[in-house]
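The lines below spell out each chain.
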Amino acid sequence: MAKKSSTSESAGQALVIVESPAKARTIGKYLGKNFRVEASIGHVRDLPQGAKQVPAEYKKESWANLGVNVTDGFTPIYVVPPGKTKQIKLLKDQLKGANALYLATDEDREGEAISWHLLEILKPKVPVHRLVFHEITKDAIQAAIESPRQVDEGLVRAQETRRILDRLYGYEVSPLLWRKVRPKLSAGRVQSVAVRLIVERERERMAFVSATWWDLLGSFAKADKQSLEATMVSVDGRRIPVGKDFDSSTGKLKNPEMMLLDGDAAAALAAKIRSGKFRVASIEDKPYSSKPSPPFTTSTLQQEANRKLGFTARRTMQVAQSLYENGHITYMRTDSTNLASVAIESARDLVDKNYGGEFLPAEPRIYRSKVKNAQEAHEAIRPAGHPFELPDTMRPQLGVDEFRIFEMIWKRTIASQMADARGRRISITIEGEGCVFQVSGKTIDFPGYLRAYVEGSDDPSAELADQEKVLPSVEVGELLACTALDAKEHTTQAPGRFSEASLTKALEERGIGRPSTYASIIDTILARNYVFKKQNALVPTWVAFSVVQLLEDHLSSLVDYQFTAQMEDDLDAISRGEQESVSYLDKFYYGNGAPGLKKQLENKIDEIDPARIGRILIGTPEGQAPVFVRVGRYSPFVEQGERTGSLPEETPPDEVTLEMALKLLDQAAQGDEPLGMCPETNKPVYLKTGRFGPYIQRGTPEDEEKPQNASLLKGMSPADIDLATALKLLTLPRNLGEHPTLNQPIMAFNGRFGPYVKCGDETRSLPADVSPLDVTMEQAVALLAEPKTRGRGAAAKKEPLRTFEQPSPVTEKPIQVLDGRYGPYITDGETNLSLRKGMTVEELTFDEAVSMLAEKAAMGPPKKKAAKKKAAPKKAAAKKATPKKGVTKKPATKKAAKKTTKKTAKKAAVEEGADGDD
């Protein structure tokens with residue numbers, strides 16, 4: 001155990017290292033002149049990413065592509081990531097004059113690992129102290145300074161084991177996906193299971209058969225004209241079904257004894273009983289109470305922010321990170337629902353002061369989590385400090401997103417220490433003419449915690465009104481007049497797709513992965529095109545279907561929910577010192593009784609048939625061949641025997657019905673028939689459908705190597721296209737004539753970003769109401785005379801979308817997000833980098849921007865493509881045929897072919913890398 005420190009151990013300052021500049025600034029405010037606070041800016045060492053980062057002495061090793069010596073105790077090879085050298089030099093320089101080193105990284109696996117790597121790199125000769133705290137407040141920092149500890153080797157080993165495990169999984173399995181499904185895919189112990197969950201839900205939706213039923217909604221009035229509405233639940237003793245009474249795979253009733261009404265039968269029944277007599281048959285009045293939800297954990301915060309604010313998991317965590325680093329909330333990566341005693345006292349004081357004594361329970365509420373790893377679960381997410389700062393006083397110093405998240409955390413924390421809500425549930429049964437109607441209501445007698453926080457709404461008053469449904473006072477036996485009977489149609493709904501919130505919940509319930517990693521997992525599966533978003537839902541692509549089918553058929557244990565959850569328990573056991581890291585990795589990779597990863601992957605390249613794992617059955621028309629969706633190398637397509645038809649990449653799988661697939665096949669067949677013959681070239685003109693939609697084609701590949709194509713203009717549909725329109729589209733780009741002053745031709749194009757005109761280097765977009773097919777010379781000249789609105793020649797520079805407060809630590813220039821031709825991009829004045837897929841301007845943090853720019857700068861400028869050499873004239877005769885350039889000669893034996901295959905996959909793994917969940 002480290003000794004208690006003193007700020008006067010020797011002359012000079014003590015160096016404090018944290019992960020981020022924001023955290024450094026906040027902590028610096030609470031420490032005096034005897035301390036200097038610097039940031040590591042994330043991890044300072046990691047496994048090599050790709051062949052270029054593998055140290056020269058290891059490049060010839062059989063395991064070099066993994067960056068882990070799997071033949072000698074799974075020893076990892078650590079390297080300094082690109083762009084971190086300058087920051088490490090700064091830390092070393094600062095340490096030279098320091099009298100002590102304080103490592104104040106986060107107290108979880110990743111934070112502990114960063115501290116350990118800093119020790120390995122800096123090799124300090126001064127006293128070292130590990131600082132831990134759950135909130136960045138003056139009291140918490142002072143308490144940490146007075147009670148330091150040593151680096152926790154258990155947490156470090158757990159993080160290292162997890163990192164190696166993900167590397168082995170990703171680098172060994174991903175090349176298999178590249179070979180058998182599509183290039184640039186990745187596999188990971190959590191991401192692959194998450195994709196399987198999403199695909200399984202989509203399979204349920206595809207297999208779902210909807211059902212329809214009718215019932216009656218009756219309006220009934222008392223003698224004093226008070227009324228209520230009730231739904232019919234049975235007729236002549238036969239119950240009216242509800243959605244759960246239908247089989248989702250057949251659409252049929254599970255119990256045929258139920259009364260299934262169609263529209264006509266429901267209307268006839270309504271006409272028959274409308275004038276009958278009805279009375280109150282029974283009244284049930286039951287008291288109820290509900291308890292407040294516990295304070296937020298990482299997972300529940302992500303779920304609630306998604307439901308209430310529409311935030312992605314990534315956006316939520318970045319906002320929470322900012323709130324934590326600026327001292328407003330406690331540490332935001334936690335599985336615990338426990339509150340510190342000072343936090344409970346602060347919450348109870350606020351309840352008593354703001355809501356009154358009746359809202360304060362006699363005893364504090366104590367919440368316990370089921371998390372085994374006490375090292376990583378100390379306290380729930382709550383407002384920092386004590387007493388808690390009030391949201392209204394915080395509003396001026398917080399951004400919009402920060403305030404909304406802070407207010408939600410504040411309300412949830414306060415509500416967790418409030419009294420139960422109490423009320424009554426009332427159910428009234430009405431009978432008459434052999435029919436039974438029921439209506440339920442709810443009254444709130446005491447709102448309790450609902451006054452502070454209500455799930456799903458930021459407006460407690462409005463939500464409280466929604467929580468109540470007050471029914472008129474009636475007595476058993478009282479006669480009611482039927483004033484209206486309306487026949488209502490209902491249709492069963494397919495299981496809902498996962499949203500980010502529900503996927504997070506499903507993963508947590510199964511014990512898969514860590515809640516703190518869910519945001520990056522969702523980012524990964526979006527970036528790898530395993531899923532795409534439709535509103536708030538995560539929709540799997542056909543590639544995801546193919547990958548899951550491959551893993552289920554050939555590597556089933558790797559996507560087994562229980563197996564993956566057990567991995568997380570094992571990592572927790574390693575962190576507690578209850579399990580040994582090397583023996584665990586050995587069992588995972590080489591096996592112990594059951595085959596390990598390496599054994600499972602043997603011969604898979606030869607065993608797996610891409611055509612089979614890439615084929616998803618849609619249905620079999622009567623008397624015809626079955627219809628499949630096939631996952632092609634570049635895009636999906638529908639297939640029936642020899643017939644094929646293109647399928648747009650992001651078509652939701654559950655929308656591809658048998659009827660739709662047959663229609664696509666028929667359209668493809670029609671595309672083989674020309675619209676007519678071009679009068680100028682005498683070539684056939686076709687309307688075809690490709691992966692990017694419909695297009696026009698003149699000629700065939702048999703006639704010429706590359707037939708002329710033309711995309712449809714925006715707003716055009718295939719039904720609008722006849723031969724005349726197709727020929728017009730094929731005239732693009734159009735030569736409008738020579739510009740009167742520039743003396744160069746003006747051309748009209750239908751470009752990637754819309755139609756435009758061009759003269760020399762000058763280009764201008766066409767207005768929405770002007771077609772490139774019809775634009776005149778005069779219109780084009782007028783447009784070209786207008787000032788440019790975008791690009792290098794724009795008249796005025798656009799304002800940045802975002803500018804970070806602190807400058808780049810590398811260039812010392814402002815880091816900005818600008819709007820470019822291909823979307824937003826980051827720049828530090830020297831390096832430009834487009835935002836990654838799924839990343840938004842608002843979600844980008846300073847640390848991420850610095851790291852991404854450093855990685856891009858380390859890669860150097862893009863290499864220019866070599867100019868193509870002209871083909872040499874063919875000789876009249878050749879003694880020996882030589883392979884074409886770029887074509888690998890076929891190996892002479894199966895053994896040689898297998899060797900070539902493995903070598904290719906290994907090289908791809910080294911060059912591209914596929915780090916699983918990272």
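Coordinates for the structure precede this section.
My aim in this report is to walk through the structure given alongside it, one point at a time. Values in this document were obtained by computation on a predicted structure and should not be read as measured data.

**Looking at the nonpolar core**
Then, number 1: Grouped together as the largest cluster of nonpolar side chains are 172 residues, with contacts concentrated most on Phe133, Leu168, Val173, Ile329, Ile405, Tyr530 and Trp542.
Then, number 2: Element by element, the count of residues in this core is highest for helix H5 (residues 153-180), at eleven residues.
Then, number 3: Counting 31 residues, the second-largest nonpolar core is a separate cluster that includes Phe246, Phe278, Val280 and Leu471.

**Comments concerning the sheet that holds strand S26 (residues 734-738)**
Then, number 1: Judged by pairing direction, the sheet is antiparallel, and its four strands sit side by side in the order S26-S27-S28-S29 without closing on themselves. Looking at which strands have only one partner, the edges of the open sheet turn out to be S26 and strand S29 (762-765). The average angle at which neighbouring strand axes cross in this sheet is 25 degrees, direction not considered.
Then, number 2: Sheet analysis places strand S28 (residues 754-759) next to S29, joined by four bridges and oriented antiparallel. In the sheet register, Tyr756 faces S29, and the bridge partner there is Ser765.

**Thoughts on the packing of helix H9 (residues 313-325) against helix H15 (residues 518-527)**
Then, number 1: Two numbers describe how H9 lies on H15: the axes approach to 8 Å, and their chain directions differ by 140 degrees. One finds that H9 runs oblique with respect to H15. For the crossing formed where H9 meets H15, the hand is left-handed. Residues Ala313, Arg314 and Met317 of H9 lie in contact with H15, whose contacting residues are Ala519, Ile522 and Asp523.

**Overview of the packing of helix H3 (residues 109-122) against H5**
Then, number 1: Two elements in contact, H3 and H5, have axes separated by 8 Å at closest approach and are oriented at 100 degrees. Taken together, H3 and H5 sit at an angle that is classed as roughly perpendicular. Contacts from Arg109, Glu110, Glu112, Ala113 and Trp116 in H3 reach Glu153, Leu155, Val156, Arg157, Ala158, Gln159, Glu160 and Arg162 in H5.
Then, number 2: Its residues assigned to classes, the contact of H3 with H5 shows five nonpolar, one polar and seven charged.

Conventions adopted
- Residues numbered from 1 in each chain as written.
- Predicted model: local features only at pLDDT ≥ 70, side-chain atom pairs only at ≥ 80, totals over all residues.
- Heavy atoms only, no water.
- Core = buried A, V, L, I, M, F, W, Y, C linked by side-chain atoms within 4.5 Å.
- Buried < 20%, exposed > 50% of the residue type's maximum accessible area, 1.4 Å probe, protein only.
- Helix = DSSP H or I, 4+ residues; strand = E, 2+ residues; numbered from the N terminus.
- Pairing = 2+ DSSP bridges.
- Axes fitted to C-alpha atoms, helices over the stretch in contact; angles between N-to-C directions.
- Parallel < 35°, antiparallel > 145°, perpendicular 65-115°, else oblique.
- Left-handed = near helix turned anticlockwise from the far one by under 90°.
- Contact = heavy atoms within 4.5 Å.
- Nonpolar A, V, L, I, M, F, W, Y, C, P; charged D, E, K, R; others polar.

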